[in-house]
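# Structural characterization, general
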Amino acid sequence: MAEGFKKRYKRVVVTLVLLICTAGLAYLLGWSSALTVKEVKIEGSTEKSTLLAKLNSQSIAPAVGQQLARVNLRSIERVLSQSDWIANVEVSRDWFKGGIKIQIVERSAIARALIERNKIVNFDAQGALFTPTSDNQKKYQDQLPLISSANNSKTDLANVALLLRQMPADLAYLIENLDQISITSSGLILMNTAIDARPLRINWGMIDQIDQKFEVLAALLELPENKDISQVDLSQPNAPIVK
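About the thresholds
Residues numbered from 1 in each chain as written. Predicted model: local features only at pLDDT ≥ 70, side-chain atom pairs only at ≥ 80, totals over all residues. Heavy atoms only, no water. Salt bridge = Lys/Arg side-chain N within 4 Å of Asp/Glu carboxyl O. Helix = DSSP H or I, 4+ residues; strand = E, 2+ residues; numbered from the N terminus. Buried < 20%, exposed > 50% of the residue type's maximum accessible area, 1.4 Å probe, protein only. Lys, Arg positive; Asp, Glu negative; His and termini not counted. Contact = heavy atoms within 4.5 Å. Core = buried A, V, L, I, M, F, W, Y, C linked by side-chain atoms within 4.5 Å. Phe/Tyr/Trp six-rings, centres within 6.5 Å; stacked < 30°, edge-to-face > 60°. Axes fitted to C-alpha atoms, helices over the stretch in contact; angles between N-to-C directions. Left-handed = near helix turned anticlockwise from the far one by under 90°. Nonpolar A, V, L, I, M, F, W, Y, C, P; charged D, E, K, R; others polar. Pairing = 2+ DSSP bridges.

What follows covers the pattern of salt bridges. Under the definition given, this model contains one salt bridge. When the shortest N-O distance is used, the salt bridge between Arg 107 and Asp 124 registers 2.9 Å. Highlighted residues: Arg 107 in the loop between strand E3 (99–106) and strand E4 (109–114) and Asp 124 in strand E5 (residues 120–124), separated in sequence by 17 residues.

For the rest of this paragraph, the subject is the side chain of Glu 106. Looking at the secondary structure, you find Glu 106 in strand E3. Lys 48 provides the closest opposite charge to the buried, unpaired Glu 106, separated from it by 8.9 Å. With residues near it in sequence (within four places) discarded, Glu 106 still touches Gly 44, Ser 45, Thr 46, Trp 85, Ile 86, Ala 87, Ser 134, Asn 136 and Gln 137.

This next bit is on the nonpolar core. Phe 123, Ile 147, Leu 163, Met 167, Leu 174, Met 191 and Trp 204 are the most contacted members of the largest nonpolar core, which totals 35 residues. Taken together, the elements giving at least two residues each to this core come down to E4, E5, helix H5 (154–166), helix H6 (173–176), strand E8 (180–183), strand E9 (189–195), strand E10 (198–205) and helix H7 (210–222). Broken down by element, this core gets its largest block of residues, six residues, from H7. Ignoring anything within four residues of it in the chain, the contact list for Met 191 reads Leu 163, Met 167, Leu 174, Leu 178, Gln 180, Ile 181, Leu 200, Arg 201, Ile 202 and Trp 204. Formed by 20 residues, the second largest nonpolar core is a distinct cluster that contains Val 37, Leu 51, Leu 55 and Leu 68.

The way to describe two aromatic rings as a pair is by their centre distance and the angle between their planes. Applying the stated criterion across every chain yields a total of one aromatic pair. With a centroid separation of 5.4 Å and an interplanar angle of 75°, the aromatic rings of Trp 204 and Phe 214 are classed as edge-to-face. Placement of the pair is Trp 204 in strand E10 and Phe 214 in helix H7, with a sequence separation of ten residues. Each member of the pair, Trp 204 as well as Phe 214, carries the same accessibility label: buried.

Right, let's get into the packing of helix H2 (residues 48–57) against helix H3 (residues 73–81). One way to put it is that H2 packs onto H3 with a least axis distance of 10 Å and a crossing angle of 115°. As H2 packs across H3, the resulting crossing turns out to be right-handed. Within the contact between the two elements, H2 uses Leu 51, Lys 54 and Leu 55 and H3 uses Ile 76, Val 79 and Leu 80. Classifying every residue of the contact of H2 with H3 by side-chain character gives five nonpolar, no polar and one charged.

What follows is about the pairing of E9. Each regular strand displays side chains that alternate between the two surfaces of the sheet. The element E9 is extensively covered by neighbouring structure, given that six of its seven residues are classed as buried. Relative to E9, E8 runs antiparallel, the two sharing four bridges. Note on E9: the bridge partner recorded for Ile 181 is Met 191. The hairpin formed by E8 and E9 contains five residues between the paired strands, and Gly 187 there has a positive phi angle of roughly 95°. Examined bridge by bridge, E9 and E10 share seven bridges and lie antiparallel to one another. If you follow Thr 193 over to E10, its bridge partner there is Leu 200.

Turning our attention to the sheet that holds E5. With mixed pairing, the nine strands of this open sheet are ordered in space as E6-E5-E4-E7-E8-E9-E10-E11-E12. The open sheet terminates on both sides in strands that have one partner only, identified here as strand E6 (129–130) and strand E12 (241–242). Taken together, the four bridges between strand E7 (residues 146–149) and E8 define a ladder with parallel strand orientation. Across the sheet, residue Ser 148 finds its bridge partner in E8, namely Ser 182.

Here the focus is the pairing of E5. The element E5 is extensively covered by neighbouring structure, given that four of its five residues are classed as buried. When E4 meets E5, the two strands line up antiparallel, connected through five bridges. Paired with Ala 113 across the strands is Val 121, a residue of E5. Two successive antiparallel strands, E4 and E5, enclose a turn made up of five residues, where Arg 117 displays a positive phi of approximately 60°. Strand direction decides the pairing type here: E5 and E6, joined by two bridges, are antiparallel. Residue pairing for E6: Phe 123 is matched across the bridge by Leu 129.

As structure tokens, then:
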């Protein structure tokens, strides 16, 4: 009987110790001034005020003096990732130094387009459309290739975005050397680019069968007799025309 009492007593003591430790840890993380935010760093973008304003609008901006444990890292990442000009967000917490770091990767534009009311939108290499926001993104707008649509159509821009996004790695230089893309009133996509500084105009036709067109183009460019071509018409991929 005494042995049973000792076991129960031991269990009670262990339970109390665990409860005290849990309560102490909860206090330390949630209310104690020992683990508070000492510094908030935003790296990868100069638009610190814009980013903080967006977080403040959702009442999730980290602030010096705030308990580290109460900074919602996932919410910060989710809210900032909703900005189309941001490619990636990573938020980390340093328990020892009391730091919160927000690492931003801005989208890099490869082309621009004008939409309604002369608003500028950009395309990145993955075909994502975004509004240039940071100083770095706005700096080189005049130097970016222009994408124009005869119908000023969002569908046309979406088709160009798909073309850029689907472009295979072995043809990526066509984007790197891009000069201009235009979409005709009938929806044909015309690309002005270059191969080894030699101008090349590609008529992709409509956006359909685009994977087949990539394969056909790659095969055509491999042929020695096509080393000096300046135009390719892929509107009918089964019957391409080179000049």
